[in-house]
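Chains, contacts and geometry: an overview
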Amino acid sequence: MTTQYDFLIIGGGVAGVSAAARLAPHGRVLLLEAEPALAYHASGRSAAMFLEAYGNATVRALNEASASHHAEADGGVLSRRPMMLIGRPGEEEAFAAEATAFGMDEITLDEARALIPILNPATVTRAGLRGDPSDLDTDLLIQNFARAARARGAELHTGARVSAITREGGTWEVTAGPDTWRAACIVNAAGAWADGIARLAGIAPLGITPYRRSMARIPAPGGHDVSRWPFLDAVGERWYAKPDAGKLIVSPSEEDAAEAHDAWADDMVLAEGLARYEEMVTEPVTRVEHSWAGLRSFAPDRALVIGRDPAVPDFAWLAGQGGYGFQTAPAASRLIADLLTGQPPELPQSVVQALSPARFA
């Protein structure tokens, strides 16, 4: 006899794994991940920071609701790393607007260079700093949620690419490889593939679009110890840089719409981004040690999509994380669990409505 699950989650990134941990106390949970490991695509390619002031108002509400979990649960996953914003000549208005939006204090160029000595005084004319952002240990967060999910009885299957979804008599049947599973409710946490999974299930897609973002790891510039350098962002998000294991990660911050696939860095886009970075520092890029890319998937209004599908309530969405998946995961996973188990959400109703897929109906 085929086992029937209460919740079948499609997608093993941070959204799916955190949802499995939250839902497991409420019924039988099965998670299916197409790739051979959890967090294989966007969740495994993130330069994650935790900054409550990042994203629109709806995203920021999720950030705020996730802060204590990130700081305290399982010993916490955060380590303090300030964030610096820098601007060029002619960017005074844009700098002021972004610094205000990020809640930054403007600092002198001497103060900025004391923190990051490679800043080019000829091209960096404004600098702002916020001291309370943090690095977010993405691998540890995934491990913590996966461990909790398994301890509560959830089954996490990797290498299980979904090929068919049907519905018979109020029960879903989901096929992956030679196996078929039955479930009362599907949770679509498929990231870049979220609209494709919906179509497979006969559900109207929501217009969730994947966008490629490329990254390059370069040697520590000038042999500096970069471990205490702030996260560095250029006005207009023309590029950003972050210390990583004694090296520096630099991203051109591109958002190029793409089909869902195993993404890779575009060499020309990467070269252009590194050139923009080099313009504002004194140390040239001598080589790229490694490059990669991930797909950040956004709904049309750039807020996450969390909740039951308005037309088919036993199909739920946990998608459209964009660049906010890790920092919002604790609150997003709690919300989907509350909505699917009939618990009153902890988030304000206005935020719940702003996240609901019903807003696209």
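In short, a report on the structure. Since the model is a prediction, treat every value here as computed from it, not as a measurement. (Residues numbered from 1 in each chain as written. Predicted model: local features only at pLDDT ≥ 70, side-chain atom pairs only at ≥ 80, totals over all residues. Heavy atoms only, no water.)

This next bit is on the packing of aromatic side chains. One pair of aromatic rings is described through two measures. These are the centre distance and the angle between the planes. Under the definition given, this model contains 7 aromatic pairs. Centre to centre, the rings of Phe231 and Tyr240 are 5.3 Å apart; their planes meet at 25°, and the pair counts as stacked. The residues Phe231 and Tyr240 share a single accessibility class, namely buried. Seen from their ring centres, Phe298 and Tyr324 are 6.1 Å apart, and the 80° between their planes marks the pair as edge-to-face. You can see Phe298 sitting in strand S18 (residues 290-298) and its partner Tyr324 sitting in the loop between strand S20 (315-319) and helix H8 (325-341), a full 26 residues away along the chain. Given the relative accessible area of 1%, Phe298 is considered buried. Among the aromatic residues, those joined into a ring-pair cluster are Tyr54, Tyr211, Phe298 and Tyr324. Sitting above the plane of the Trp172 ring, Arg167 keeps its charged end 5.4 Å from the centroid. (Phe/Tyr/Trp six-rings, centres within 6.5 Å; stacked < 30°, edge-to-face > 60°. Buried < 20%, exposed > 50% of the residue type's maximum accessible area, 1.4 Å probe, protein only. Helix = DSSP H or I, 4+ residues; strand = E, 2+ residues; numbered from the N terminus. Lys NZ or Arg CZ within 6 Å of the ring centre and 35° of its normal.)

The strand order S3-S8-S4 describes an open sheet built from 3 strands, whose pairing is antiparallel. The open sheet terminates on both sides in strands that have one partner only, identified here as strand S3 (49-50) and strand S4 (78-80). (Pairing = 2+ DSSP bridges.)

Glancing now at the pattern of salt bridges. A side chain with one charge can pair with a side chain of the opposite charge if their charged atoms come near. Across all of its chains, the model carries 21 salt bridges by this definition. Here Arg302 and Glu255 are joined by a salt bridge, their closest N and O atoms 2.8 Å apart. Of this pair, Arg302 sits in the loop between S18 and strand S19 (305-308) while Glu255 sits in the loop between strand S16 (247-251) and strand S17 (256-257), placing them 47 residues apart in sequence. In this structure Glu255 comes out as partly exposed when scored by relative accessible area, which is 31%. Shared partners join several salt bridges into a network, and the residues in it are Arg88, Glu91, Arg238 and Glu279. (Salt bridge = Lys/Arg side-chain N within 4 Å of Asp/Glu carboxyl O.)

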